[in-house]
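Residues per chain, in single letters:
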Amino acid sequence: MDRRHFIKSGSVAVALGAPALTGFAQQTVTLKFHTFMSPVSTVYTRIHRVWMEKVEKESGGRIKFEGYPAMQLGGAPAGLYDQVRDGVVDVIWTLPGNNAGRFPRTEVFELPFMIFKAESSSRAAWEYFQTQMPDEFKETQVIAFHTHGPGVLHSKDKPIRSAADLRGMKVRGPTRQATKLLGAAGATPVGMPLPQISDALLKGTIDACALPWEVIPSVRVPELVKHHSEFGPRVQGLYTNTFVMAMNKARYEALPADLKRVIDANSGMEVSAWMGKVQDDLDPVVRQSVRDRGNTVHVFGDAETAEFKRLTDRVDNEWVDEVTKRGYDGKKLLDTARALIAKHS
């Protein structure tokens, strides 16, 4: 056909423009996902990988993930947030409490005897994040903000049947607030990231550790300890941790609009609650497995529970005073967190 016919009809413009538009629409994005969790942990296999696979599927394969558990891209767990902020990696899942004092309002969920279940407290945590501290992680695009289930005490040789049994015991705590409450209860607290626990138990650096049931197989705790101590089902857990899944903001904003919508559809309260529920569902499974091994599981009675609460009560007041000095209304934040947990429970 006459070339002039294409020019006059605009066919050339369409023919030249179509490949560019199609190329943009079909753009494929590869994202690096980095976390400290073990590649065999249930958090990585049943939460992180499942989430990545869902996003890949819903994007029609145009978003692809490279998963790097166990800090395979280098650095320490405390550096994960900076890695995603700075664009070293694209998505991270981490424990804000690894950065002591950096995210002060987040710590409210780590205070003693706050939560019953991870699913409901994760809904509360997301609403708290949205309403009370959206600026705390403003340097990134937050995908999920959630908690694990109630914290449990796991000891090597000496059973913990009361707060008095903690005296003289070196007990690993995951965060600043958790180590404070362990100290208040009478233990010698040792702050330590999750991946170091196995070695510390083997070497005697610690006598016990505080962890939820679900995660303990990933760090060999059931085979390294003999005793486990928890509070009853009608009592809030000794503590919990908050976790954040976040994406590099520039990387998110550079996505085509339809791929942004895929990320958005896999972010927020329901995703946070799902992450918490996966951990909730695994807690009783792991609890039963340690009993099957022959380990002992002690449930604190009313008197022991009351003593733990009496000893750790000051941790709440210290946190309120500390965040108030930093310019926030600590009492309001604590009351709000408790009200949201009650609401979603």
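What you see is a predicted model; the values in this text were computed from it and never measured.

Trainee: It is not clear to me how the pairing of strand β9 (residues 227–231) should be interpreted in this structure. Could you clarify?
Mentor: For a regular strand, the rule is simple: side chains alternate between the two faces of the sheet. When you tally the buried positions in β9, you get five out of five residues, the bulk of the element. The alternating pattern of β9 places H227, S229 and F231 and H228 and E230 on opposite faces, both of which are buried. In this structure, strand β5 (residues 152–155) lies alongside β9, joined through three bridges in antiparallel fashion. Residue L153 lies in a different strand from β9, and its bridge partner there is S229. In terms of strand pairing, β9 meets strand β11 (residues 296–300) through five bridges, oriented parallel. Bridge pairing in β11 places S229 opposite H298.

Trainee: Explanation requested: the environment of E139 in the structure shown.
Mentor: As for its position among the elements, E139 is in the loop between α5 (118–132) and β4 (140–147). E139 has contacts with Y81, R85, R102 and K249, leaving out every residue within four places of it along the chain.

Trainee: I would appreciate a short explanation of helix α12 (residues 302–325) in the present structure.
Mentor: An α-helix turns once per 3.6 residues; consequently, residues spaced three or four apart project the same way. With 24 residues, α12 should reach 34 Å at 1.5 Å per residue; the first-to-last C-alpha distance of 35 Å fits that figure. Those residues of α12 that sit buried are T305, F308, T312, V315, D316, W319, V320 and V323. Of the surrounding secondary structure, the elements contacted by the buried residues of α12 are α5, β5, α6 (176–185), β9, β11 and α13 (330–344). In the stretch just after α12, G327 is the one whose phi turns positive, near 100 degrees.

Trainee: Explanation requested: unusual backbone geometry in the structure shown.
Mentor: Generally, phi is negative for residues other than glycine and the peptide bonds are trans, each holding for most cases. Positive phi outside glycine occurs at F113, with the angle close to 55 degrees. With respect to the helices, strands and loops of the structure, F113 is situated in the loop between β3 (91–94) and α5. Taking the relative accessible area as the measure of exposure, F113 reaches 10% and is therefore buried. With a phi angle near 65 degrees, R220 is a residue other than glycine that sits in the positive phi range.

Trainee: Would you mind showing me how to read the sheet that holds strand β2 (residues 63–68) here?
Mentor: Strand pairing in a sheet is mediated by backbone hydrogen bonds. Such pairs are either parallel or antiparallel. Strand order in the open sheet formed by five strands is β2-β1-β3-β10-β4, and the pairing between neighbours is mixed. Every other strand in the sheet has two partners, leaving β2 and β4 as the edge strands with one partner each. Across the sheet, the mean angle separating the axes of adjacent strands is 20 degrees when strand polarity is ignored. Here β4 runs beside strand β10 (residues 242–248); their pairing, made up of seven bridges, is antiparallel. Along β10, the bridge assignment pairs H146 with F243.

Trainee: Mind showing me how you'd approach the pattern of salt bridges here?
Mentor: Working definition: two side chains of opposite charge can pair if their charged atoms are close together. Taken as a whole, this structure holds 23 salt bridges when the rule is applied. The salt bridge partner of D86 is R85, with a shortest N-O separation of 2.8 Å. The class for R85 is partly exposed, based on a relative accessible area of 30%. Connected through shared salt-bridge partners, D82, R85, D86 and R102 make up one network.

Trainee: Looking at this structure, I do not really get the packing of aromatic side chains. What am I missing?
Mentor: Given two aromatic rings, their pairing is described by the distance between the two centres and the angle made by the two planes. According to the stated counting rule, one finds 15 aromatic pairs in the structure shown. Considering the side-chain rings of Y81 and F103, the 5.2 Å spacing of their centres and the 80 degrees angle between planes classify their relative orientation as edge-to-face. In this pair, Y81 sits in helix α4 (residues 80–86) while F103 sits in the loop between β3 and α5, placing the two residues 22 residues apart along the sequence. Taken individually, Y81 and F103 each receive the classification buried, so the pair is uniform in this respect. Ring centres of F231 and F308 lie 5.2 Å apart, and the angle between their planes is 85 degrees; on these two criteria the pair is classed as edge-to-face. On the criterion of sequence distance, the pair formed by F231 in strand β9 and F308 in helix α12 is long-range, its members being 77 residues apart. A relative accessible area of 9% places F231 in the buried class. Taking relative accessible area as the criterion, F308 reaches 0% and is therefore assigned buried. Ring-pair connections join several aromatic residues into one group, and the members of that group are Y81, F103, W126, F129, F137 and F145. Positioned above the aromatic ring of Y252 is the side chain of K260, whose terminal nitrogen or guanidinium carbon lies 5.6 Å from the ring centre. It is K309 that lies over the ring of F113; its NZ or CZ is 5.4 Å from the centre.

Rules used throughout
Residues numbered from 1 in each chain as written. Predicted model: local features only at pLDDT ≥ 70, side-chain atom pairs only at ≥ 80, totals over all residues. Heavy atoms only, no water. Buried < 20%, exposed > 50% of the residue type's maximum accessible area, 1.4 Å probe, protein only. Helix = DSSP H or I, 4+ residues; strand = E, 2+ residues; numbered from the N terminus. Pairing = 2+ DSSP bridges. Contact = heavy atoms within 4.5 Å. Expected span 1.5 Å × (residues − 1). Axes fitted to C-alpha atoms, helices over the stretch in contact; angles between N-to-C directions. Salt bridge = Lys/Arg side-chain N within 4 Å of Asp/Glu carboxyl O. Phe/Tyr/Trp six-rings, centres within 6.5 Å; stacked < 30°, edge-to-face > 60°. Lys NZ or Arg CZ within 6 Å of the ring centre and 35° of its normal.

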